[in-house]
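Per-entry structural report
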Amino acid sequence: MIRRTDGDPVGTQEGQSMGSQQKAAARRMPWPPEAVLDKPSALTDEALFRHSVISPLRYPGAKRQLVPVIESLIRANVPPPRLVVEPFSGGATTTLRLLGAGVVEHGVLADIDPLIAAFWRTAAFDARWLIDAMHEEPVTVARWDWWRASNPRGRRERALKCLFLNRTTFSGILHGRAGPIGGRAQTSAYKIGCRFGLDGLTRRIKGVAELAATGRLLDVWEADWRTALANIPKRYGMLEPSEVVVYLDPPYVDKARWLYQWSFDSSEHSDLANALGPDAPYRWCLSYDDNQTIRGLYRARPGQATLHVSHRYTAAGSEKRTVKDELLVTNFCLIPGSDRYRVLSS
Ligand SMILES: C[S@@+](CC[C@H](N)C(=O)[O-])C[C@H]1O[C@@H](n2cnc3c(N)ncnc32)[C@H](O)[C@@H]1O
């Protein structure tokens, strides 16, 4: 079943040559374009999608606790969206969950980071290769150094680099100065391979591939958020604006520079706020760590609501309960009452 919208046929092997006629045919598929939005077929590993952690990637800022709130907003509003697009995918927690739970039928992931985009593309459409390659990897500090210094050009090697560094580096940070889990001397109780469990990762990667093979995860774009938003009407113009929901989880205001290769400066936060104005041709939800700059940017905008979400969690490796305050801004009309959040403005 061919479901991709960019014409790159599912399972095309990198390095495998395609004739120009084949390439042209691939570019034309699928036809008619509406066929990509056919009802998804059944999932085989339903138990995986009931689990709270589905993503093979660990990600700073992963928004797992916000997903039930986003889900309740989507369910409360009509018509139900048929497509979710996540332009700052990172670990893609939200989209994987919405697709796996059947809250939205179809989804597209996008991220500016070539390693992240290559990872999702490969997990979705070339999973066998990724799983086999992952099993071949020696999980050692020497190998960590090798991946850190490498500059792969091919999609597959970028995907493997992303997976390896994400699962073996402190906090899952791919770029910058973060070191390997357990330190260079590996004297800690937590060694470099402690988050590289092959069985769990295999099951989660297969889960992503299944979301793609059943027609749920439609595509992955390596793109800046502006391009991703502009692509929506170009690629999915057959949908009504109300049938599309965009979930945006941009880099942090304060800490992003340490966590991601691509962070935002203040002008980019306000550019994004301007793009999410009253004319946005889709419904959207935006999450941020609670911050005065962001409160100011989204204050008192007609047709939008800002929710304050506060949750308690215990960080990995700590005994202490921490409170995390987040903002969820949305143009969904109906905000159901809930004790999960406080409505700051609507
Ligand atoms: C906060 S993380 C997303 C975390 C994700 N929601 C999760 O739950 O794992 C932000 C992501 O935005 C990406 N990013 C940064 N600048 C971007 C840009 N200009 N356009 C698209 N993606 C960008 C980063 O590469 C990073 O993966």
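Calculation criteria
- Residues numbered from 1 in each chain as written.
- Predicted model: local features only at pLDDT ≥ 70, side-chain atom pairs only at ≥ 80, totals over all residues.
- Helix = DSSP H or I, 4+ residues; strand = E, 2+ residues; numbered from the N terminus.
- Buried ≥ 20, exposed ≤ 12 C-beta atoms within 10 Å, placed from the backbone.
- Contact = placed C-beta atoms within 7 Å.
- pLDDT = per-residue confidence, 0-100.
- Axes fitted to C-alpha atoms, helices over the stretch in contact; angles between N-to-C directions.
- Parallel < 35°, antiparallel > 145°, perpendicular 65-115°, else oblique.
- Nonpolar A, V, L, I, M, F, W, Y, C, P; charged D, E, K, R; others polar.
- Core = buried A, V, L, I, M, F, W, Y, C linked by C-beta atoms within 7 Å.
- Pairing = 2+ DSSP bridges.

**Some thoughts on the overall build of the protein chain**
- In terms of helices and strands, the protein chain carries 13 helices and eight strands.
- For the protein chain, the proportion of its 346 residues judged to be buried stands at 38%.
- Looking at the protein chain alone, contacts between residues at least 24 apart form 73% of all its contacts between residues at least 6 apart.

**Considering the confidence of the model for the protein chain**
- Confidence in the prediction for the protein chain averages 86 pLDDT; 84% of positions are at 70 or higher.
- Of the regions scoring below 50 in pLDDT, residues 1–19 engages in 34 contacts with residues more than four places distant in sequence or in other chains.
- Segment residues 24–28: pLDDT under 50, and five contacts once partners within four positions in sequence are set aside and those in other chains are kept.

**Examining the packing of helix α6 (residues 127–136) against helix α9 (residues 198–213)**
- Taken N-terminus to C-terminus, the directions of α6 and α9 make an angle of 170 degrees; their axes are 10 Å apart at the nearest point. By the criterion of interaxial angle, the relationship of α6 to α9 is roughly antiparallel. In this structure, α6 uses Ala127, Leu130, Ile131, Met134 and His135 to contact α9, whose residues at the interface are Leu198, Leu201, Thr202, Ile205, Lys206, Val208 and Ala209.
- Here the contact of α6 with α9 is built from residues that sort into nine nonpolar, two polar and one charged.

**A look at the environment of alanine 178**
- Inspection of the secondary structure assignment puts alanine 178 in the loop between α8 (155–168) and α9.
- For alanine 178, a count of 17 C-beta atoms within 10 Å puts it in the partly exposed group.
- Look past the residues within four positions of alanine 178 in its chain and what remains in contact with it is Thr169, Phe170, Ser171 and Ile173.

**Things to note about the nonpolar core**
- Ranked by size, the top nonpolar core spans 76 residues in total, and within it Phe119 and Val245 carry the most contacts.
- Counting residues per element, this core draws most heavily on helix α5 (residues 114–125), which supplies nine residues.

**Some remarks on unusual backbone geometry**
- Between valine 78 and proline 79 the backbone carries a cis peptide bond, its omega angle lying at -10 degrees.
- The phi angle at glutamine 186 is positive, at roughly 55 degrees, despite the residue not being glycine.
- Judged by the 14 C-beta atoms lying within 10 Å of it, glutamine 186 is partly exposed.

**Some remarks on the pairing of strand β3 (residues 217–222)**
- Within β3, five of the six residues are buried, leaving the element largely enclosed by the surrounding structure.
- Sheet topology note: the strand β2 (residues 106–111)/β3 ladder contains five bridges and is parallel. Bridged to valine 108 within β3 is aspartate 219.

**Topic: the environment of proline 250**
- Mapped onto the elements, proline 250 comes out in the loop between β4 (244–248) and α11 (256–259).
- A count of 20 C-beta atoms within 10 Å places proline 250 in the buried class.
- In contact with proline 250, not counting residues within four places along its chain, are Phe88, Phe264 and Leu272.

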